[in-house]
Each structure stands twice: as C-alpha cells, then as structure tokens.
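# Results of the structural survey
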Amino acid sequence: MPVRLPLATAKAARAWLRTTLRAHRGSFATVVGLFSLAAVTGLAGPQILGHLVDSVAAGHADIELPAVLFVVLLVVQAVLKRIARVHAGILGEQVLAETRERFVGQALQLPLSTVEAAGTGDLLSRATTDADRIDHAVRNAVPQIAVAGMTVLLTVVAMVVTSPLLALGLLVTVPLLYFSSRWYWARVPSTIERMLDAWADVQTGLHETADGARTAEALGLIGRRVTLGRRTLGGAVDRERELRRLTVKWVPWVQLSQVLPIAVLLLLGAWAYARGLVGLGTVTTMVVYLQALAGPLEELLWWTEDVQVSGTALRRVLGVRGAERAGRAGRSRGREIVVRGVRYGYSAQREVLHGIDLRIPPGERLVIVGPSGAGKSTLGRLLAGVAAPGSGSVTIGGAEVSSLAEDVLRGEVLLLTQEHHVFAGSLRENLTLPAGEWQDADLVRALSVAGLTGWFSALPDGLDTRLGAGSLAVPAAVAQQLALARVVLADPHTVVLDEATSLLDTSSARQLERSLNGVLEGRTVIAIAHRLHTAAAADRVAVVEDGRITELGPHARLLSAGGAYARLVQAAAVGV
Ligand SMILES: Nc1ncnc2c1ncn2[C@@H]1O[C@H](COP(=O)(O)OP(=O)(O)OP(=O)(O)O)[C@@H](O)[C@H]1O
C-alpha cells in the first residue's frame, strides 16, 4: 500500500474549528441564537399541557386559549427552525468553500515526490469524498446536533425547574449513557481512521487502474488489477462493518437509557402524587418532557457518528498542509551546484543512487548518460529539488535545494521533462501557471524565445485563446514549446532536461532543439541524454551506471579513455 499523506492532529482540527468560528462569529451566533430560541419555544408546549390537565382536573373549562397558544407556539418553533437551518446552510457553504480553496492551494504546494509516493488517489479522495463528508456534516449534522443538543440541555433544565423531585428519575440515565458511550468513543475514532484510509486505497487503486489501463491490458494484467480492486474494496467494506458493529452494540444501551427513566418517573410520580407532593399536571408535564427528549437524543446518537466521520475527514483534508515543502525562506548565495554523498531510494527496501558526488559550476552544460534504469532521471529529480536525498546533500549556492520554498526554487532550477500537459484555459493562464507578475509583452516575448511567434500570430484571440480539452488542440511539440516559454518567464539559472525531445518526431525535435538553444542561452544545463549525439556538444559528460557516477569528463577525453562512455557510444553507433 502507498505511503499516506499525513493526518492532521485532533489539536490542529480543533484549532481550525476555533479560527473558523472566530472568523464567522456573527453568523455563528445568529444560527445558535435562532436554534436556542426554537428550543425554548418548544419547551412551553409541555407546560401548557400540564396547565391544561390541572385545569380540567380542577373542573375549569377555559381550554381554548391554551390550546390556541399551543398551536401558535408550534408554528413559531417550526418557522424559527427553518430560518435557523437556512442560515446554518449558508454558513456551512461559506466555510466549506474556504476550506476547499485552502486545500487546493496547499495541494498545489505539495512536493511532487510526496504526491507520487502517496498516490494521486489519496489526494483525490481527500479533495472529493472527504470534502463531501465535511460538506454533509456542516450542512446537516452540525445544525441537527445544535438543535438536538440545545433541546436536550434546555429540556433537562426545564425538568429540574418544574419538579426537582421527579427530575431525580433522570439520574438512572447517567451511568448507562456514561459507561456505554465511554466504551463506544474509545473505539470509534481509530475505526473511522482505518475506514477512511481503506476508502482512499480504493480510490488510489481505481485511479491507477484507469490511468494505466492500456499498459495493464497490453501486459495482460487486467485480471490482477480486478483482483486487487476487489481486495481493497473488500477491505473498505470490512472497515465499514467494523464501525457498524460498534454502533449496533452501543445503540441498545442508549435506547435503554431513554426508556428506563420514563418507567422510573411514572413510579416516582405515582408515589409523589399519592403523598400530595406533586400535582397531576406536573407529572404530565414531566412525562411529556421526557418523551420529548427521546427524539433529540436519538438524533444526537446518529449525527455524532457523522460528525466523528467528518472530523476524521477534516483531519485528512487539513493533513495535506503537513506535507507541504518545508519551504524555509532561505535563498541561495550563488549558482554552483554541489552534490555530496547522495544516496536515494524510492522505497526503504531498494536504494537507487549509492553515493553520488558532483560539482557543477555555473553556466556548465553537463550531459548525464548511462544505461536504462541506472538512475539518471532520479539524479535529475534530486538536482531539481523535486525529491530530497535520503542521505547526503544537494545544494545550490550553499542552500539545500529540496528545502527551498517553491517560489524561490522556481527561480533557481527547473526540471523540464517530456510530459507537458496543456491545461483547459486561456493561453495566458497556461503561461502564467507558476504564479508571477507578468505583462502581456513579457508573455509574447517568452513565446518568441520559445519559437512560437508563428503559431501565436495565427491564434484567433491572441493570449485569450482557449486551449486544451474542448478548445484549440495543441500539438505535442507546441505543448513542449509552451513549457519552454514558462521556463523563460520563471527565468531559473539552471535547467534540468530529462529526455525533453525524445517523444517527438525528428522534424519537431529539431524545431524544439532550436527553440531550446534559445531558451537555455546563459543558463546552467544538466541534460539527461538518451541520444548520445547531444553529449558531444556538452562541456562534460557524466556516466551513471547502477546508481554511481563511473566516469566524468569532456566527451573527447572519455572517448579516448576507452571506458564505459566509449562503450556506450560504440553500442549506440552499432545500434544506428
Ligand atoms: N517512481 C518510482 N518509484 C519506484 N521506483 C522507481 C521510480 N522511478 C524510477 N524507479 C526505479 O529507479 C531506478 C532508476 O530509475 P531512473 O528512471 O532514475 O533510471 P534512468 O537511468 O533514468 O532510466 P531510463 O533511462 O530508462 O529513464 C529504476 O530501477 C527504476 O525502476
């Protein structure tokens, strides 16, 4: 199973709740105020009923007025609840929108290596299923619990005020509720955590299967993926069952705690009435109050489970913040890249780089070559700060690359790979993806350096032309040139090129290489080369074999040395 993104602590979730409540204290006070008013209005009903019983018992006949009052109060309570729910809904939507925006902002800050290690599915499930759970809680559970909690509290207060003696009957509830709830709450949080993790695994598996469907099909792995899907789904269903089992064991105790006090109260009422300690009306009022408690208590029971689930979902959503780049605000003092004793593995079991030492002076053109799977791309990722070394260091101007803040890093070193996505949006939005302040003239100049002047001048709406899915189709070569234009805008002093042209046909690759030369002018370039001909033009060539640099020096010297590089060149020549 993948490494998971962190879970925010319960303390962090509480802090979020406090800050959010503070930021919306006006709306929150309105909602609580309205719900309280509705609950208080509801309390008058049993009092009126008690009064009616006493009146009838005393032979009075004035029952119309209390009856009308009873109905009016019911209507007022319903109206108040409705207004309160509308306010709660609006508040919930605002809170959720803010949380979602913050989540997206933080998710975009995540180091690529963290997302890769966790699997996109974990991030997706946090952004979708977990956010929906919070939405459900904020819109439904929180208002319901507020109403139910307030009703329970005020009803108990009203009972104590109406008849302290009969209210003693409530005491039988306390041990039942206390011990059964303590048992339940000790087990439920960890069960829910496991359940949400299991659902995230389902999403990760589905995402991977859909993403790699062609590969799976080509390799005949569909059956294996289906089995894996069944297994993860089975795991999630088991976790759901675990939670339901806990609830099923708890519910009878809660229900007993509702029924038992009614029996006790009736016995106590009969005893007290026989001794003239209470009137018939008071007993009626108390019984009606008790029965009125059952509904809200039941609601509390069901909704608290939802709140518990969404609390964990909230910790998952907030946890993304914990995985952001360390982002120390430091800035490098120079451009020299120094790699010292770097070891790295994608998993603890298998090391890919076994101690790399390398010094790259500013402005150098270094080409990294080597057999497939030797660790070239991995080294490129470490040089670009995409991932941090397991041990050793990669520094630019003395600053550890992987701990530079994202916006600082972008100005220092950029990794350019062959994968270039064109986002659905305007050309302007596609160019300004790395947030920054640019005038239109800067964007047009960057397009020209990337060799896109001709393509750009043919666009119907200039920088506002919509690109990507459902709009203007962008050829692969142009997509890569757009990535180059972004490099011009970000203006890093070092660029790591990982097979930037290998997916293109020959003429597109030539065109791109011309653009590339313009963009790379004056920068340090580290190129991970599959075509050895690019190595001849480099200042130095580094040969990586099995996670180690085995040769380092200018092309001509390595060639004449007759070692690993010479063998690679020879093999390539034979291959051609
Ligand atoms: N995301 C990843 N997760 C796990 N292992 C990986 C990952 N990426 C690469 N590896 C493994 O690390 C080793 C080095 O891979 P890397 O891509 O760095 O080699 P390379 O020299 O660039 O190879 P190629 O020329 O084929 O791209 C390989 O054994 C590869 O299977």
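Residues numbered from 1 in each chain as written. Predicted model: local features only at pLDDT ≥ 70, side-chain atom pairs only at ≥ 80, totals over all residues.

Named according to an unreviewed UniProt entry, the protein chain is ABC transporter ATP-binding protein originating from Amycolatopsis acidiphila. As recorded by UniProt, the Subcellular location (unreviewed entry) comment attached to the protein chain reads in full: "Cell membrane". (UniProt positions renumbered as here; feature names shortened; annotations may be inferred.)

## Regarding the overall build of the protein chain
Helices and strands together make up the secondary structure of the protein chain, namely 20 helices and 12 strands. The buried share among the 576 residues of the protein chain stands at 33%. Taking all contacts inside the protein chain whose residues are at least 6 apart in sequence as the whole, residues at least 24 apart take part in 80%. (Helix = DSSP H or I, 4+ residues; strand = E, 2+ residues; numbered from the N terminus. Buried ≥ 20, exposed ≤ 12 C-beta atoms within 10 Å, placed from the backbone. Contact = placed C-beta atoms within 7 Å.)

## With respect to the sheet that holds strand β9 (residues 494–498)
Strand order across the open sheet formed by 6 strands is β6-β9-β10-β3-β11-β12, with mixed pairing between neighbours. Strands with a single pairing partner mark the edges of an open sheet, and in this sheet they are β6 (413–416) and β12 (548–553). Each strand axis lies, on average, 15 degrees off the axis of its neighbour in the sheet, ignoring direction. In this sheet, β12 lies alongside strand β11 (residues 540–545) in antiparallel orientation, the contact comprising 5 bridges. In the sheet register, Glu545 faces β12, and the bridge partner there is Arg548. Lying over the sheet, helix α11 (residues 376–383) contacts β3 (365–369), β6, β9, β10 (524–528) and β11, oriented at roughly 155 degrees with respect to β10. (Pairing = 2+ DSSP bridges. Axes fitted to C-alpha atoms, helices over the stretch in contact; angles between N-to-C directions.)

## Quick look at the site of the ligand
All residues in the neighbourhood of the ligand are listed as Glu116, Tyr346, Val352, Gly370, Ser372, Gly373, Ala374, Gly375, Lys376, Ser377 and Thr378. Here the shell around the ligand takes 3 residues from α11, the largest share from any one element. When grouped by side-chain class, the residues that make up the shell around the ligand number 3 nonpolar, 6 polar and 2 charged. (Near = placed C-beta within 6 Å. Nonpolar A, V, L, I, M, F, W, Y, C, P; charged D, E, K, R; others polar.)

## Observations concerning the nonpolar core
Ranked by internal contacts, the top residues of the largest apolar core, which has 68 residues, are Val367, Ile368, Val369, Leu383, Ala485, Val496 and Val541. Considering each element in turn, this core owes the most residues, 9 residues, to helix α16 (residues 476–490). Residues Val31, Leu34, Phe35 and Leu123 belong to the second largest nonpolar core, which totals 54 residues. (Core = buried A, V, L, I, M, F, W, Y, C linked by C-beta atoms within 7 Å.)

## A word on the sheet that holds strand β1 (residues 337–344)
Judged by pairing direction, the sheet is antiparallel, and its 4 strands sit side by side in the order β2-β1-β4-β5 without closing on themselves. For this open sheet the edge positions go to β2 (353–360) and β5 (399–400), each flanked by a neighbour on one side alone. Looking at chain direction, β1 and strand β4 (residues 391–396) are connected through 5 bridges and run antiparallel. Considered in β4, the bridge of Val339 is made with Val394. In the packing of α11 onto the sheet, the strands contacted are β1, β2 and β4, and the crossing angle to β1 comes to about 125 degrees.

## Section: the confidence of the model for the protein chain
The share of residues in the protein chain with pLDDT of 70 or more is 93%, and the mean pLDDT across the chain is 83. Predicted complex metrics record ipTM = 0.96 and pTM = 0.62. (pLDDT = per-residue confidence, 0-100.)

## Description of unusual backbone geometry
With a phi close to 55 degrees, Asp491 is a non-glycine residue in the positive phi region. Along the chain, Asp491 turns up in the loop between α16 and β9. Residue Asp491 is classed as exposed on the basis of its C-beta count, with 12 C-beta atoms lying within 10 Å. Positive phi, normally seen in glycine, also occurs at Asp546, with a value near 45 degrees. Positionally, Asp546 belongs in the loop between β11 and β12.

## Details of α16
For an α-helix, 3.6 residues make a turn, and residues three or four places apart therefore share a direction. The end-to-end C-alpha separation of α16 is 21 Å, in line with the 21 Å expected for 15 residues at 1.5 Å each. Of all the residues in α16, the buried ones are Ala477, Val478, Gln480, Gln481, Leu482, Ala483, Leu484, Ala485, Arg486, Val487, Val488 and Leu489. Following α16 by one or two positions, Asp491 has its phi on the positive side, about 55 degrees. (Expected span 1.5 Å × (residues − 1).)

## Brief notes about the packing of helix α7 (residues 173–211) against helix α9 (residues 222–274)
Packed helix pairs are characterised by how far apart their axes lie and by the angle those axes make with each other. As a packed pair, α7 and α9 sit with axes 9 Å apart at the nearest point and diverge in direction by 165 degrees. By the criterion of interaxial angle, the relationship of α7 to α9 is roughly antiparallel. Judged by the sense of rotation from one axis to the other, the crossing of α7 with α9 is left-handed. The residue makeup of the contact of α7 with α9, split by class, is 21 nonpolar, 9 polar and 7 charged. (Parallel < 35°, antiparallel > 145°, perpendicular 65-115°, else oblique. Left-handed = near helix turned anticlockwise from the far one by under 90°.)

## Focus on the environment of Ile134
With respect to the helices and strands, Ile134 occurs in helix α5 (residues 120–162). A C-alpha to C-alpha distance of 5.0 Å links Ile134 and Ser310, two positions 176 residues apart in sequence. What Ile134 contacts, discounting residues up to four positions off in sequence, is Leu96, Thr99, Ser310, Ala313, Leu314 and Val317.

## Topic: the environment of Glu299
Its location among the elements puts Glu299 in helix α10 (residues 280–322). As for Glu299 and Gly149, which are separated by 150 residues in sequence, their C-alpha atoms are 9.1 Å apart. When neighbours within four sequence positions are excluded, Glu299 is seen to be in contact with Gln144 and Ala148.

## Describing the packing of helix α14 (residues 440–449) against α16
It is the contact of α14 with α16, at a shortest axis distance of 8 Å, that shows an interaxial angle of 125 degrees. Considered as vectors, α14 and α16 are oriented oblique to each other. As α14 runs across α16, the sense of the crossing is right-handed. Judged by residue contacts, Asp442, Ala446, Leu447 and Val449 of α14 engage Ala485, Val488 and Leu489 from α16. Partitioning the contact of α14 with α16 into residue classes produces 6 nonpolar, no polar and 1 charged.

## Observations regarding the pairing of β4
Taken together, the 2 bridges between β4 and β5 define a ladder with antiparallel strand orientation. Bridge pairing in β5 places Thr395 opposite Glu400. Hairpin connection, β4 to β5: the antiparallel pair is bridged by 2 residues, and Gly397 has positive phi, about 55 degrees.

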